[in-house]
Structure formats: structure tokens, C-alpha cells
Amino acid sequence: MTQTRRLQIVLALNIFMLAGLFVVGFSSHSLGVLAASGDYLLDSGAIIFGLFAIYLRNQNGEQSRATLVVALINVSLLVIISVTVTVEAIHRLRNHTPHIHALPVVLVSAIAAVVMGIGAFILKGDGDDLHMRSVLLDTVADALSAAAIALTATLILVTKRFFWTDSVVAIMISTAIVYQALILLRDIMRDLKT
């Protein structure tokens, strides 16, 4: 399957999940789910730019740096989203964590974990292409984030307490994403210099 086709499938999966995550995140007061919906929106835009970059690369030959630039943008957006989520999570922990309606969070997050897991499976296999690695990293991060949110929401659903765990999980996920994004950013910068 071509890179273009795989990206088109993952774009469709992102768009499929976007509206459901936003509605559930807003109505349930879950920072984790709201952050995920914003991430999926940015991911969709990054994939669209990536498709355009692949088109340019295919037109201009392998020397085009368009895919590296898109990978750089994608990784930078991941870092910005992660920092924003961390700041909001810390704010909630210091002040007041709202009551989270856990059942819809469990359902939508479990579905998102499965859908993004399928997306990661579709994307795997382009280890040398930094653009595809950036999209794969983003998709794996989305799947893991959704799984962690589903587990946290299950804890909240069962205990009717521990609302603060939503913010703690958001910080943990953001930290892991930033760590991986910085490694990828180093590789992108190295290739842009050559």
C-alpha cells in the first residue's frame, strides 16, 4: 500500500473520531478527551499537509524537503499541544478538578484506542521516512492516550471519585509524547541540515 493511501486511511480515521471526542469531552468535563479532540483536529491538518508534501516530493523527485518540513510542523504541534495540556492539567490540580461523567469517556476513549491502533498498524513499516515516522508517532500516541484515558475513566466510573486522575494521566501522556517528539525532532533537524 502506498504512503498516500495509508495517510488517506488514517486521515479518515481521525476525522471519524474528531466530532465524537469533542462532544463527549465537552459534555463530560474530561480534559483528557478534550485534549484528544484538539489533537485529532491538528493531526488531520498535518496529514493533509503531509499528503500535499508527498505529492510535491513525487513531482520533484526524492530531493524535495517538503516531507521533512511537514514532519517538523507535525512534531512541533505535538509539543505545543502537550505543553498546553500539561499547563491546563496543573491548573486543574491546583484549583478544582470538575466532576467527570465517566461512562461516555470510557466508551469514546476505548473506541478511539482501537481505531488509532488500527491506524498505527496501517502506518508501520516506513522506519527511514521521517515524515511517516512523525505520523506513526502521533497515531501511536493517540492510541496510548485513548487507552490511558479509558482506564482512568473506568476508575472514576467504578469509584465515583478520583477525578484528579484525569489530569494526572494527561500530564503523564504529554510527558511521554514530548520525550518521543524531541527524539524525532533531533532526527528531522539532522536531515534538514544535510
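Preceding this paragraph is the structure being described.
In this text, all values refer to a predicted model and were calculated from it rather than measured experimentally. (Residues numbered from 1 in each chain as written. Predicted model: local features only at pLDDT ≥ 70, side-chain atom pairs only at ≥ 80, totals over all residues. Heavy atoms only, no water.)

A. Fine view of the side chain of Asp138. Summarising the element assignment, Asp138 is placed in helix α5 (residues 130–159). Buried and unpaired, Asp138 has no salt bridge, with Arg133 as the nearest side chain of opposite charge at 13 Å. (Helix = DSSP H or I, 4+ residues; strand = E, 2+ residues; numbered from the N terminus. Buried < 20%, exposed > 50% of the residue type's maximum accessible area, 1.4 Å probe, protein only. Lys, Arg positive; Asp, Glu negative; His and termini not counted. Salt bridge = Lys/Arg side-chain N within 4 Å of Asp/Glu carboxyl O.)

B. Representation of the packing of helix α2 (residues 31–60) against helix α3 (residues 66–94). At a closest axis distance of 9 Å, the pairing of α2 and α3 adopts a crossing angle of 170°. By the angle between their axes, α2 is roughly antiparallel relative to α3. The residues of α3 that touch α2, namely those facing Leu31, Ala35, Gly38, Asp39, Leu42, Ala46, Phe49, Gly50, Ala53, Ile54, Leu56 and Arg57, are Ala66, Thr67, Val70, Asn74, Leu77, Leu78, Ile81, Val85, Glu88, Ala89 and Arg92. For the contact of α2 with α3, the per-class residue count stands at 15 nonpolar, four polar and four charged. (Axes fitted to C-alpha atoms, helices over the stretch in contact; angles between N-to-C directions. Parallel < 35°, antiparallel > 145°, perpendicular 65-115°, else oblique. Contact = heavy atoms within 4.5 Å. Nonpolar A, V, L, I, M, F, W, Y, C, P; charged D, E, K, R; others polar.)

C. Structural detail: helix α6 (residues 165–193). Its 29 residues give α6 an end-to-end C-alpha distance of 42 Å, which sits within 8% of 42 Å, the value for a rise of 1.5 Å per residue. Those residues of α6 lying buried are Thr165, Asp166, Ser167, Val169, Ala170, Ile173, Ser174, Ile177, Ala181, Leu184, Asp187 and Ile188. Residues of α6 that are buried sit in contact with α2, α3 and α5. (Expected span 1.5 Å × (residues − 1).)

D. Structural context of the nonpolar core. The biggest cluster of nonpolar side chains holds 36 residues, and the ones touching the most others in it are Met17, Leu21, Val33, Tyr40 and Val105. Among the elements of the structure, α1 (3–28), α2, α3, α4 (102–123), α5 and α6 are those that each provide at least two residues to this core. Apart from residues no more than four positions distant in its own chain, Tyr40 is found in contact with Asn14, Met17, Leu18, Leu21, Ala112, Met116 and Asp142. (Core = buried A, V, L, I, M, F, W, Y, C linked by side-chain atoms within 4.5 Å.)

E. Region of the structure containing the packing of aromatic side chains. Taken as a whole, this structure holds two aromatic pairs when the rule is applied. On the basis of an interplanar angle of 15° and a centroid distance of 6.2 Å, the ring pair of Phe22 and Phe26 is categorised as stacked. One end of the pair is Phe22 and the other is Phe26, both in helix α1 and four residues apart, which spans about a single turn. Given a relative accessible area of 60%, Phe26 falls into the exposed group. (Phe/Tyr/Trp six-rings, centres within 6.5 Å; stacked < 30°, edge-to-face > 60°.)

F. The arrangement of the pattern of salt bridges in detail. Enumeration over the complete set of coordinates arrives at one salt bridge. As a salt-bridge pair, Glu88 and Arg92 come within 3.4 Å of each other at their nearest N and O atoms. Placement of both Glu88 and Arg92 in helix α3 is noted, with a separation of four residues, approximately one turn of the helix. For Glu88, a relative accessible area of 30% gives the class partly exposed.

G. Main features of the packing of α1 against α5. Contact pair α1 / α5: the axes reach a minimum separation of 12 Å and the direction vectors enclose 25°. Taken together, the axis directions place α1 and α5 in an arrangement best described as roughly parallel. For the crossing formed where α1 meets α5, the hand is left-handed. Contacts between α1 and α5 involve Gln3, Arg6, Leu7, Val10 and Asn14 on the former and, on the latter, His131, Met132, Val135, Thr139 and Asp142. Here the residues of the contact of α1 with α5 sort into four nonpolar, four polar and two charged. (Left-handed = near helix turned anticlockwise from the far one by under 90°.)

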